[in-house]
Amino acid sequence: MAKAISPCIFCQIARSSNSTPLLHSDDKVVAFKDINPSAFRHYLIIPVEHIPTVNDLQRRNEDYTLVSHMINVGETLLRRDAPQSNQYRFGFHQPPFNSVDHLHLHCFALPFIPRWKQLKYMSLGPLGGFIEAEKLLEKIKPLSPIPP
Ligand code: 5GP
Ligand code: ZN
């Protein structure tokens with residue numbers, strides 16, 4: 001039987017069934033440039049597995065390790081591609097503020113271009129909005145130590 005075509009654009013990118021060039025890929029995550037960049041460098045890191053949003057992450061080793069890995073990949077790419085930028089930012093839009101329902105880490109080497117685009121990536125406190133990656137990590141950090 002013919003395989004169903006995935007309606008998720010980021011699943012298509014993760015499977016390289018789309019023309020988006022990948023900056024990094026491994027068995028857990030892939031990285032690529034945002035099609036509509038908001039900063040000097042703007043990359044997205046996504047899990048290969050279709051996890052819809054941050055609300056699907058739990059306080060468990062598997063999720064904590066995945067998000068840590070996404071951040072590490074983003075940091076490594078930005079340090080390589082934008083060493084002159086003196087500020088990096090990493091984070092996620094929380095529903096309903098996301099526009100693609102496949103988890104994606106925004107990785108920025110600042111400045112935001114144009115400057116007003118920084119407004120899209122602000123925390124809205126109790127309303128949600130954008131959550132910094134380190135803050136999300138704290139929320140999903142397992143209560144028992146992660147085995148080596
Ligand atoms: P969100 O608004 O969900 O936090 O971010 C989604 C991001 O995905 C946006 O910054 C948007 O520009 C980017 N994006 C949406 N569709 C595509 C695509 O087909 N290819 C790439 N490279 N980026 C995309
Ligand atoms: Zn997907």
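See the structure printed just above.
Remember, it's a predicted structure, so these values are computed and weren't measured experimentally.

Chemist: Can you tell me about the overall build of the protein, naming the residues and giving the values?
Modeler: For the protein, the count of helices and strands is three helices and six strands. When the helices and strands of the protein are placed in sequence order, the string is α-β-β-β-α-β-β-β-α. Summarising its shape, the C-alpha atoms of the protein cover approximately 50 × 40 × 30 Å along the three principal directions. By the burial criterion, 44% of the 148 residues in the protein qualify as buried. Relative to all contacts within the protein whose residues are 6 or more apart in sequence, the contacts with residues 24 or more apart total 64%. Of the roughly 8,800 Å² of accessible surface on the protein, 56% is carried by carbon and sulfur atoms.

Chemist: So, the nonpolar core: which residues are in play, and what are the values?
Modeler: Judged by nonpolar contacts, the single largest core of 27 residues is most densely connected at I45, L57, V67, M70, F92, L105 and L136. Looking at this core, the elements with two or more residues in it are β2 (29–33), β3 (39–47), α2 (61–81), β4 (88–93), β5 (105–112) and α3 (133–140). For this core, the leading source of residues is α2, giving eight residues. Apart from the residues lying within four places of it in its own chain, the contact partners of V67 are L57, F92, L136, L137 and I140. C8, I13, A14 and V30 belong to the second-largest nonpolar core, a separate cluster that totals nine residues.

Chemist: How would you explain the coordination of the zinc ion (ligand 2) if you had to name every residue and give the values?
Modeler: Around a metal, the idealised angle for a tetrahedral arrangement of four donor atoms is 109.5 degrees; for an octahedral arrangement of six donor atoms it is 90 or 180 degrees. Protein coordination at the zinc ion (ligand 2) comes from C8 (SG), C11 (SG), H50 (ND1) and H102 (ND1), with a distance range of 2.0 to 2.3 Å. One way to put it: the four donor atoms around the zinc ion (ligand 2) meet at angles of 104 to 118°, and that makes the site tetrahedral. According to the relative accessible area criterion, C8 is buried, its value standing at 12%. Of the residues examined, H102 reaches a relative accessible area of 0% and is grouped as buried.

Chemist: Any details on α2? Residues and values, ideally.
Modeler: For α2, with 21 residues, the first-to-last C-alpha span of 30 Å sits near the 30 Å given by 1.5 Å per residue. Every buried residue of α2 is accounted for by D63, Y64, L66, V67, S68, M70, I71, V73, G74, L77 and L78.

Chemist: Would you mind going over the pairing of β5 in detail, with residue names and values included?
Modeler: In terms of burial, β5 is a largely internal element, seven of the eight residues being buried. Two strands pair when backbone bridges link them, and β4 and β5 are joined in this way by four bridges, in the antiparallel orientation. Within the sheet, the bridge partner assigned to R89 lies in β5 and is F108.

Chemist: An account of the site of ligand 1 is requested, with residue identities and associated values reported.
Modeler: Of all residues adjacent to ligand 1, which total 15 residues, the nearest are D34, H93, S99, H104 and H106. In the model, an oxygen atom of ligand 1 is placed 2.6 Å from a nitrogen or oxygen of the H93 side chain. Within the backbone of S99, one N or O atom sits 2.6 Å away from an oxygen atom of ligand 1. Its free accessible area being 520 Å², ligand 1 has 84% of it covered by the protein chains. When residues of the shell around ligand 1 are traced back to their parent elements, those giving at least two are α1 (9–14) and β2. Broken down by element, the shell around ligand 1 gets its largest block of residues, three residues, from α1.

About the thresholds
Residues numbered from 1 in each chain as written. Chains lettered and ligands numbered in written order. Predicted model: local features only at pLDDT ≥ 70, side-chain atom pairs only at ≥ 80, totals over all residues. Heavy atoms only, no water. Helix = DSSP H or I, 4+ residues; strand = E, 2+ residues; numbered from the N terminus. Buried < 20%, exposed > 50% of the residue type's maximum accessible area, 1.4 Å probe, protein only. Contact = heavy atoms within 4.5 Å. Areas by Shrake-Rupley, 256 points an atom, 1.4 Å probe, with all protein chains shown as cover. Core = buried A, V, L, I, M, F, W, Y, C linked by side-chain atoms within 4.5 Å. Donors = N, O, S within 2.8 Å, 3.2 Å for Na, K, Ca; no water. Tetrahedral: all angles 85-135°; square planar, octahedral: opposite > 155°, others 65-115°. Expected span 1.5 Å × (residues − 1). Pairing = 2+ DSSP bridges. Near = heavy atom within 4 Å. Polar contact = N/O pair within 3.5 Å; in protein donor to acceptor, adjacent residues only side chain to side chain.

Take it as geometry only, folks, not as evidence of what the structure does.
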